[in-house]
Every structure is written in C-alpha cells, then in structure tokens.
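Observations on the model geometry
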Amino acid sequence: MTGPFDLTGKTALVTGATRGLGFEMAKALDGAGAHVYLNGRDKESVEKACMELSHAQPLPFDITDPDRIETALESLKKMDILVNNVGQRDRRTMDEFSLEDVRGLLDSNLVAPFELSRQAARLMSNGGRIINVTSIAGTIARSGDAIYTASKAGLTGLTRALAAELGPHGINVNAIAPGFFATQTNAAMVKNPDIQTFLESRTSLQRWGKPHEISGACVFLASAASSYITGQVITVDGGFTAHF
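Residues numbered from 1 in each chain as written. Predicted model: local features only at pLDDT ≥ 70, side-chain atom pairs only at ≥ 80, totals over all residues. Heavy atoms only, no water.

**Regarding the sheet that holds strand 2 (residues 35-38)**
Taken in spatial order, the 7 strands line up as 3-2-1-4-5-6-7 in an open sheet, and their pairing is parallel. Each having just a single partner strand, strand 3 (56-58) and strand 7 (233-236) make up the two edges of the open sheet. If you compare each strand with its neighbour and ignore which way they point, the axes differ by 20 degrees on average. By the bridge criterion, 3 bridges tie strand 1 (residues 11-14) to strand 4 (residues 81-84) in an arrangement that is parallel. Bridged to Leu13 within strand 4 is Leu82. Contacting strand 4, strand 5 (128-133) and strand 6 (171-178), helix 4 (residues 99-121) runs over the sheet at an angle of about 175 degrees to strand 4. (Pairing = 2+ DSSP bridges. Helix = DSSP H or I, 4+ residues; strand = E, 2+ residues; numbered from the N terminus. Axes fitted to C-alpha atoms, helices over the stretch in contact; angles between N-to-C directions. Contact = heavy atoms within 4.5 Å.)

See the structure below:
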C-alpha cells in the first residue's frame, strides 16, 4: 500500500535546485519517490547536486531564455510536478533602479515562471502540480524593496490565475511563501545579532527557519494529499506574518 504522500512514478522539475531551499525541496521530492530533474545555470553545480540524491538527473538551462526552456522540456517525455523556485533578490530604493534592472528582475521572478508553467502544462497530459515559490513579500512590504515585492506579489496573483485556467485540465497550481530562512544566500544576515533579535521579537517561533523545513509543504502540494487544493499560498514563516 502507498500513502498519500508517495510520489513513486512521478516526474518532477525543480528550478534553482543546486542549493538552499531549491535543493531541499528537490531532496524531499526525491525521498518521496519522484524522479527529479534538477535545474540551474551551471552544469557542474547541477551535476554535483544530483550526486547527492537517489533519483535525480541534471537539466541545466537559463530559465530566462524561452528557447532554452523549450529545448530543455522537449527532452522530457512527461512532467507531473513543476517547482518554480528560481528567484533573484535585489534590495534597492526605487530611485536606484534603472528600467532595465526592473525588467530583468521581473523577467526572472515572474515572466520565467509563467513561461515554464505554460510549457510544463503541455506535458501534464494526465494532470499535475505546479508549485510557485513566492515570498512573504508577496503580501507584506518594506521600504527599499519595491521591485522584488512587486514581482512576488505578481507571482502570487499568477498562481491564482493559472489555478483557474489549468484546473479543468487536472492541474493544481499552488504556492509556497517562505519567510526568513537560514540559507547560504542569507549567511551574512544569519550572523547579524540585530536580525536575530528582530526575529525573536517578531516571529512566533523566535528563530530563523532551517532550510529543510520548507520540504513538508512542497511534498504535500506535490502529492495526492493536496488533490482538492488549488490557487492557494502556504506560508512557511514561523509565524512572522501572523505575529503582531
């Protein structure tokens, strides 16, 4: 007998899967039995990450290049699960951004997930799951972070729109909104005692999230356990957005 979280026989693609939250989600899907394709721009890094998993293959390509997306996905016979994890972070005031920089961030954080979802949906002939990794910045904001916040809010809206459009095809579209996670990218912030004090007062669990703590939400949304859930955002933030 198999359980509701068993992903044996499923094929998944996780973008930005060489480290951090992307790797942890790929690792969790792999552990649940899925055959996972790991994506990243650097071929060597992708291949190295695959060696740490049991059912993984490298699929390196630049998600912002539509032609590369089409070519890469053409090599797959089917897809059951897509995790749109790649996202760029650029904290600057609105006056410090050129329009070219704005378009580049939106291209990576919003346009690319749209195109990947569109291409992946064509491979989900028997239904599937699309999981967008947005952010708590999709619903709350702070000064000096306008473009990233806008891109993540857009991805949250896209999640609901794609859920409505793809639902008749048996494709569930949901999102995960991480809060403060102690990833390699945030290493300098993790060492900052002021931020630690801030999280202790502002977050219900009073700490940084550990990267592997994103995994449960990903497996849940990818599995049969979430079969009647679509168009939703699961916030994984230790209570940050719920804490007054």
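Now that the structure has been shown, we can carry on.
**A few points about helix 4**
The first and last C-alpha atoms of helix 4 sit 31 Å apart over 23 residues, in line with the 33 Å expected at 1.5 Å per residue. Of all the bends in helix 4, the greatest measures close to 45 degrees and is centred on Asp107. Looking only at helix 4, the buried set comprises Val102, Leu105, Ser108, Asn109, Ala112, Pro113, Glu115, Leu116, Ser117, Gln119, Ala120 and Ala121. Taken together, the buried residues of helix 4 touch helix 3 (66-74), strand 4, strand 5, helix 5 (146-166) and strand 6. (Expected span 1.5 Å × (residues − 1). Bend = angle between axes of the 7 residues up to and from the residue. Buried < 20%, exposed > 50% of the residue type's maximum accessible area, 1.4 Å probe, protein only.)

**Focus: the layout of surface pockets**
Each pocket or cavity is described by its volume, and for the largest pocket that value is around 1,300 Å³. Sorting the residues of the lining of the largest pocket by element identifies helix 1 (20-31), helix 4, helix 5 and helix 6 (187-190) as the ones contributing at least two each. Tallied by class, residues from the lining of the largest pocket come to 18 nonpolar, 21 polar and 9 charged. (1 Å grid on protein atoms, 1.4 Å probe; cavity = no way out; pocket = protein on both sides within 12 Å on 5 of 7 lines; lining within 4 Å. Points joined across faces, edges and corners; volume = space filled by probe spheres on them. Nonpolar A, V, L, I, M, F, W, Y, C, P; charged D, E, K, R; others polar.)

**So, the pairing of strand 5**
Across the 6 residues that make up strand 5, a large majority, 6, are buried. Across 4 bridges, strand 4 lies against strand 5 in parallel orientation. Residue pairing for strand 5: Val83 is matched across the bridge by Ile131. The β-α-β motif built from strand 4, the intervening helix 4 and the parallel element strand 5 has right-handed crossover chirality. Note on the crossover from strand 5 through helix 5 to strand 6: the handedness is right-handed. (Right-handed = clockwise from strand over helix to strand, strands pointing away.)

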